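# Secondary and tertiary structure notes
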Amino acid sequence: MALENPLLPYIATITKVIDETPDVKTFQMVFDDPEVFEVFKQKPGQVAQISIFGVGEATISITSSPTRTGMLEFSIKKVGRLTSVIHQMGPGMKVGIRGPYGNHFPYDMMKGKDLLFIGGGIGLAPLRSLIDFVLAPENRQDYGKVEILYGARSAADLCFKYDLFDNWPKKPGTKVYVTIDRPEEGWDGHVGFVPAYLEEINPNPENKVTITCGPPIMIKFVLQALEKMGYSEDQVVTTLELKMKCGIGKCGRCNIGSKFVCVDGPVFTLRELKKLPPEF
Amino acid sequence: MRKGYISKDKLMPWLGAIREKFPLIAPVQEDGLSLFKEVEKVEDIVLDYGITRMPPKDLFFPQTEKMFRIKNKNNMAIELETPEKITDELVLFGVHSCDLKSILALDPVFTTRFPDRYYQERRDKTYVIGLSCTKALPTCFCTAYGINPTDAEGADIHLTELGDKYLVEVATDRGERLIAEVPGVVFEDVATLEAEKEKLTQKVRGEITSVDLTGVKEVLDENFELPLWEKWAQKCLGCGICTYVCPTCHCFDINDFNRGDGVGERFRCWDSCMFSDFTRMAGGHNPRPTKKERVRNRFMHKLKYHLDRYNLVGCVGCGRCVQRCPENIDIRAIISDIKGGV
């Protein structure tokens, strides 16, 4: 049922909408045909095409960990036509989902290692799929210490506040660092950009893998900072965001050199990234 | 490969017999243009065309294609209706060697890894009959890519006009099936015709602009930045015609059409990497913001990326982009610039 027509979406229903920030909402969705869950089987870091029928499709990273079964979560920032429409939608409404697409975070390679997540803004959405995967009881013993460094423009712009302040810090062997770009009233946490905070924390690269996602400018400076701290190219994992339409390597839109981000990415190590032309 | 011949005066009756059994797509003349179209009368078929205005790719990958019909009741109930499976076989006749090769270059895009049902079904149902070139145009340069103007590669059956006969090469099992279905080819010794074909090949090859690709891939492998991209980008209008007439370009867009009463459809249509918004994202970030990046992307795709990805040529030297570019941007001159290290 999955492969007969990969361009045909499965129908799904929105079951819950969580307001994250003024322009980000998390949508929980279930497939109308429960058997679809049996074939969908996403891995952390993969993306899907979300359809609003009559409007179109957009590529959205899957926010929920595959360890949470029976539903999918997508955290969507209102930036364009389709995302503005979905922000008007609520529980009970129907959407389309096709996927999962792309490669995934190399969670097997990460086994036995400490993990440092570095996210900015909506860039925490794809990281969250891996964070929750790693912190899930059935996988936790496979990984070492987990550190999460996350920043947003303001306190109101922090996504997943319930995870950042309640959920993740309480998990054993986990530390969460949160920063906002500029000082504001009522905020007694860290202030400053993510790359600068990273240099301040100066995490030891030994036996560690870092996983980064955020705006292109943040990624650029984070990668520079990590190299300066002595992280090797294989210890640095990031995800790229490019415009994608078909998701299956045919429409020709998301190529970087001879790679298509929708099938060869979105996850790349810094070593792989350096082999690509700088068009992202 | 089984070989035989068909007399010139028997060709049209043979095509007529095919037309009786299958829809027949062939080059015809319309408003002064040669185009691949479904023919009503075989007499309309043009056998001595130079190159058709558009390549035959739209037979498998139409310019606009309905993917499914949507019935949407206020986003509370959705019904999707996909088009019926294509069951009828059809025949595509008269494809020159460059275009044959271009179909082979498109196949892995659409048929490997997430096979594209829409393309695959049409491809599976189509018998392809090739036709050797008997003369070259000034814009032809297929030999640069190792293609001969009389190559049968990519055809199920291939025809070459030689005097009062056509040499018929049956290249695939699918071709054999069509021959069994529509007899008319005489299978006997064709050594003389083969010798004549060799002479024709040499003659037409001699007419084709010689382009030497030696070292081009290597230069592009090593250099992403070259001054020539800026130079050619300054000429480019960004009109996209090169991508539309290109037999190997496969970019498309996907859109929903909404009638307003909840009924609509999702369709895909050809798109072009030469357009400024092709890679622009909803947030405004555009990884190929100027014509320089877009021109470079297209020619890198033709000369490097497709080879890297599929080990198949991304350009077949058909010359359509050279003919149609309003600014005379000529991929052969770009190749020469690359070789010169400009």
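Please read all numbers here as calculations on a predicted model, not as lab measurements.

On to the packing of helix α7 (residues 227-235) of chain B against helix α11 (residues 331-339) of chain B, then. Residue and element names in this part refer to chain B. Packing of α7 against α11 brings their axes to within 10 Å, and their N-to-C directions diverge by 155°. Relative to α11, the element α7 lies roughly antiparallel. The chirality of how α7 crosses α11 is right-handed. Judged by residue contacts, L228, W229, K231 and W232 of α7 engage A333, I334, D337 and I338 from α11. For the contact of α7 with α11, the residue count by class is 6 nonpolar, no polar and 2 charged.

What follows covers the packing of aromatic side chains. Given two aromatic rings, one states the distance between the centres and the angle between the planes to describe the pair. Residue and element names in this part refer to chain B. Summed over all chains, the structure comprises 17 aromatic pairs over all chains. Taking 5.8 Å as the distance between ring centres and 55° as the angle between the ring planes, the aromatic pair formed by F60 and Y119 counts as tilted. Highlighted residues: F60 in the loop between β3 (33-38) and β4 (64-73) and Y119 in helix α3 (residues 117-124), separated in sequence by 59 residues. Exposure remark for Y119: the relative accessible area of 0% places this residue in the buried category. Ring centres of F141 and Y145 lie 5.8 Å apart, and the angle between their planes is 50°; this geometry places the pair in the tilted category. One aromatic cluster is present, built from ring pairs that chain together F60, F61, F110, Y119, Y244, F252, W270 and F275.

As a further point, take the UniProt feature "domain: FAD-binding FR-type" (unreviewed entry) in chain A. With numbering aligned to this structure, UniProt lists the feature "domain: FAD-binding FR-type" (unreviewed entry) at residues 7-107 of chain A. As a span, residues 7-107 of chain A carries 11% helix and 46% strand, and end to end its C-alpha atoms are 28 Å apart.

Let us look at unusual backbone geometry. At the junction of G99 of chain A and P100 of chain A, the peptide bond is cis and its omega measures out at -5° in the coordinates. Within the secondary structure, P100 of chain A is located in strand β6 (residues 94-101). P266 of chain A follows G265 of chain A through a cis peptide bond whose omega is 5°. Position of P266 of chain A among the secondary structure elements: in the loop between α8 (261-264) and β15 (267-269). The phi dihedral of D31 of chain B falls on the positive side, at around 50°, and the residue is not glycine. Looking at where D31 of chain B falls in the secondary structure, it is placed in the loop between β2 (24-30) and β3. If you check the backbone angles, N74 of chain B has positive phi at about 50° while not being a glycine. Among the secondary structure elements, N74 of chain B is positioned in the loop between β4 and β5 (77-81).

Definitions and cut-offs
Residues numbered from 1 in each chain as written. Chains lettered and ligands numbered in written order. Predicted model: local features only at pLDDT ≥ 70, side-chain atom pairs only at ≥ 80, totals over all residues. Heavy atoms only, no water. Axes fitted to C-alpha atoms, helices over the stretch in contact; angles between N-to-C directions. Helix = DSSP H or I, 4+ residues; strand = E, 2+ residues; numbered from the N terminus. Parallel < 35°, antiparallel > 145°, perpendicular 65-115°, else oblique. Left-handed = near helix turned anticlockwise from the far one by under 90°. Contact = heavy atoms within 4.5 Å. Nonpolar A, V, L, I, M, F, W, Y, C, P; charged D, E, K, R; others polar. Phe/Tyr/Trp six-rings, centres within 6.5 Å; stacked < 30°, edge-to-face > 60°. Buried < 20%, exposed > 50% of the residue type's maximum accessible area, 1.4 Å probe, protein only. UniProt positions renumbered as here; feature names shortened; annotations may be inferred.

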